[in-house]
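These are the residues of each chain, in order.
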Amino acid sequence: MEKIIDIEDRIPTLKERRRRRTNKKFSILLFLFVTTLLIVLYFQSTYSQIQKITLEGEKLVPKQLYIEESTLRIGDSMWSFNESKIENLITHNAWVESVKVQRKWLTSVHIQVNEFKQIGYLEDGDFLHIILENGQIIKTDGQVIPKDGPIFTGFDEEKVRLRMIKELKNLDSEVLKGISQIKYTPSENDAYSIQVYMNDGNEVKAIIPSFGEKMNFYPSIVSQLNPEVKGIVDLEVGTFFRPFVDVYNVPIEEEVLENEEVETP
């Protein structure tokens, strides 16, 4: 036999359920109201504005130039820009390899710039322009003191310049640092002939296609020579050394080794 529950006994239970539903709806409405209010207050306050712009990775051009190209300004809304669009604005520069734009905390924007590595300098009359590893030339407005890579002379043709850069990338860092200048000296016999001037006072004759492979033996080659006698190391076919006194007929007081053939490792 089913138990009959008096309606009077059910009323308190129904009232409690109704009260809980009412409180739940009120809590949800209150949460939405407070959240909306906070969002409105946030966007009307300085906490929604850019208060700091930081940038890292710049070497070739001033930091302020990148910030100006980004179009970001102190006081702009933190949510009024698209990171990808800012990155595209900066990467149009020939010397920029990649860019990453990130919002930091609530009021800061950070820009990370990765530039192409500088490989040397292109001689242009009285000026030296910067050469990047991708072959691009960054023209300078004034005098530049070469300190990051050798000077390229006669490499006006981009195809030849790119071929030379490719060989330089194969060099050991210490060998590359020892090169002062590379002069492009094409001839009827070889269109890729070069003359290389070293910081130690020697010169190197070579051809571009085999330069990276052969030039890495340079430290071993000069270690077999008299350090007091400077001359030309010929890497075009074999490996030969000729003192400057023989090449240019300049008298010196010290005894030298004539047409010395040097062993390569």
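Details of the structure are given in the entry above.
Quick caveat: nothing in here was measured; it's all calculated off a predicted structure. (Residues numbered from 1 in each chain as written. Predicted model: local features only at pLDDT ≥ 70, side-chain atom pairs only at ≥ 80, totals over all residues. Heavy atoms only, no water.)

Draft legend 1. Spatial organisation of the overall build of the protein. Within the protein, the regular secondary structure consists of 8 helices and 13 strands. For the protein, with 265 residues in total, the buried portion stands at 34%. The long-range share in the protein, meaning contacts at least 24 apart out of those at least 6 apart in sequence, stands at 48%. Carbon and sulfur atoms form 53% of the exposed surface of the protein, whose accessible area is close to 17400 Å². (Helix = DSSP H or I, 4+ residues; strand = E, 2+ residues; numbered from the N terminus. Buried < 20%, exposed > 50% of the residue type's maximum accessible area, 1.4 Å probe, protein only. Contact = heavy atoms within 4.5 Å. Areas by Shrake-Rupley, 256 points an atom, 1.4 Å probe, with all protein chains shown as cover.)

Draft legend 2. The arrangement of the environment of Glu56 in detail. One can find Glu56 in strand E1 (residues 52–56). Through-space distance from the C-alpha of Glu56 to that of His110 is 8.1 Å; in sequence the pair is 54 residues apart.

Draft legend 3. Region of the structure containing a nonpolar patch on the surface. A contiguous nonpolar patch, built from Phe26, Leu30, Phe33, Val34 and Leu37 and spanning about 490 Å² of accessible area, is present on the exposed surface. Summarising the element assignment, Leu30 is placed in helix H1 (residues 7–44). Judged by its relative accessible area of 43%, Leu30 is partly exposed. (Patch = residues over 30% accessible without salt bridge, like charges linked within 9 Å, V, L, I, M, F, W, Y side chains within 5 Å. Salt bridge = Lys/Arg side-chain N within 4 Å of Asp/Glu carboxyl O.)

Draft legend 4. Representation of the packing of aromatic side chains in the model. One pass over the structure, following the stated rule, counts 2 aromatic pairs. Both rings, one in Phe152 and one in Phe155, keep their centres 5.1 Å apart while their planes meet at 70 degrees; by these two values the pair is edge-to-face. For Phe152, a relative accessible area of 0% translates into the label buried. Note on Phe155 and Tyr184: the rings are 5.4 Å apart at their centroids and 35 degrees apart in plane angle, and the pair reads as tilted. In this pair, Phe155 sits in the loop between strand E7 (151–153) and helix H4 (158–168) while Tyr184 sits in strand E8 (residues 179–184), placing the two residues 29 residues apart along the sequence. With relative accessibility at 0%, the residue Phe155 sits in the buried group. (Phe/Tyr/Trp six-rings, centres within 6.5 Å; stacked < 30°, edge-to-face > 60°.)

Draft legend 5. Spatial organisation of unusual backbone geometry. The backbone of Thr71 sits at a positive phi, close to 70 degrees, despite the residue not being glycine. When you line up the elements, Thr71 lands in the loop between helix H2 (63–70) and helix H3 (83–91). A relative accessible area of 44% means that Thr71 is categorised as partly exposed.

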